[in-house]
Amino acid sequence: MTRRVQVIDSHTGGEPTRIIISGGPDLGTGPLSERVERFRNEFDHYRCGVIHEPRGSEVLVGGLLTEPVDASCAAGIIFFNDVSYLGMCGHGTIGLFATLAHLERISLGEHRLETPVGIVTVTLEPDGSVAVENVASYREAQAVEVDVPGIGRIVGDVAWGGNWFFLVYEHDQELNLANTDRLLMYTRRIRQAVNEAGFPLVDHVELYASPDASHDASEPEAHSRNFVLCPGYAYDRSPCGTGTSAKLACLAADGKLAEGEHWVQESVIGSRFVGSFRWEDQDAGRVLPTIRGRAFVNGESTLIFQDDDPFCWGIPQPEDMRALAE
Ligand code: PYC
């Protein structure tokens, strides 16, 4: 038997997104938080087949376009990656809207989008950029100290931005493309220590540094550069939408950024998102971050799954990628 899955590929600041527009698993019509569990428990082979080699790679983030429950939403989306499922994905949402615009399925202006962790508001701008007002974001724990084997004492904040992050401001690493192998090893060790220190849900680690001084003058000057470890083996080529949301929540909590003020976040490859926030509940430290960026469609294809292909559903991955990584 041959199955066909139609996908559209894009990249947002260098980070790829592969949206399944037809041929994906039928997850029913329940809430997206339930549909993601059905995806995980009954159809995980689709995630593996779409993301893993030989069709994909650990860098890809996938998205299953689905009908929303809430009729006020233009669409529903479930994001996934090389190891699991994401709550929200900022660069992926920007990629999704570039994809919907490419398909002429969406008009300019404001739309609502349903995700497993809540509804986000997305604006498609006339210049092709996309602004995502994310789910409420907040800092869960400030200045958490962890003892990292082979590295020493590291201090960071635990924050939610649609996924869980550990944000590290002080370290001795250079955040540049030539150093990514080392940065991956460094941040994986930190993640393991943070998980063992009582934060088992933290699956992304962000390192911060000063922005690159030699930036392209046609782009807004950045306030900061980051390196973001994603849940599996890969790092984010974009500045990470949910990671920047977590960062905005911390800046807001520290009184370092005012409501509406811009924060330009640069990625390890130099791509940029412009972030800002409004308070959802100032007493509780909850902000509604907005992330603006641009995505470009760079592929339209039909993936073919044949029953007699021994790698039909991807090359099997070790059960626990994280354990292997340390
Ligand atoms: O942009 O939110 C994001 C994201 C999460 C993982 C990779 N990108």
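Anything mentioned here points back to the structure above.
Residues numbered from 1 in each chain as written. Predicted model: local features only at pLDDT ≥ 70, side-chain atom pairs only at ≥ 80, totals over all residues. Heavy atoms only, no water.

Student: Account for the state of the cysteines, with residues named and values stated.
Tutor: Under the criterion given, the structure shown has zero disulfides. The cysteine C240 is free of any disulfide, with C230 supplying the nearest cysteine sulfur at 6.0 Å. The structure places no disulfide on C250, whose sulfur is separated from the nearest cysteine sulfur, that of C240, by 13 Å. (Disulfide = S-S within 2.5 Å.)

Student: Quick rundown of the packing of aromatic side chains? Include the residues and the values.
Tutor: In total, this model carries twelve aromatic pairs according to the counting rule given. Ring centres of Y138 and W164 lie 6.0 Å apart, and the angle between their planes is 85°; this geometry places the pair in the edge-to-face category. With a gap of 26 residues between them, Y138 in strand β9 (residues 138-148) and W164 in strand β11 (residues 164-168) connect regions that are remote in the sequence. The exposure class assigned to W164 is buried, which follows from its relative accessible area of 16%. Here the basic side chain of R237 rests over the ring of Y235, its NZ or CZ set 3.8 Å away from the ring centre. Lying across the ring of Y208, K247 places its NZ or CZ 4.1 Å from the centre. (Phe/Tyr/Trp six-rings, centres within 6.5 Å; stacked < 30°, edge-to-face > 60°. Helix = DSSP H or I, 4+ residues; strand = E, 2+ residues; numbered from the N terminus. Buried < 20%, exposed > 50% of the residue type's maximum accessible area, 1.4 Å probe, protein only. Lys NZ or Arg CZ within 6 Å of the ring centre and 35° of its normal.)

Student: Tell me what's going on with the environment of G314, and back it up with residues and numbers.
Tutor: Mapped onto the elements, G314 comes out in the loop between β16 (286-306) and α6 (321-325). Judged by relative accessible area, which is 8%, G314 ranks as buried. When the C-alpha positions of G314 and G49 are compared, they lie 4.5 Å apart, and in sequence the two are 265 residues distant. Residues within four places of G314 in sequence aside, it is in contact with C48, G49, H52, E53, P54 and R55. (Contact = heavy atoms within 4.5 Å.)

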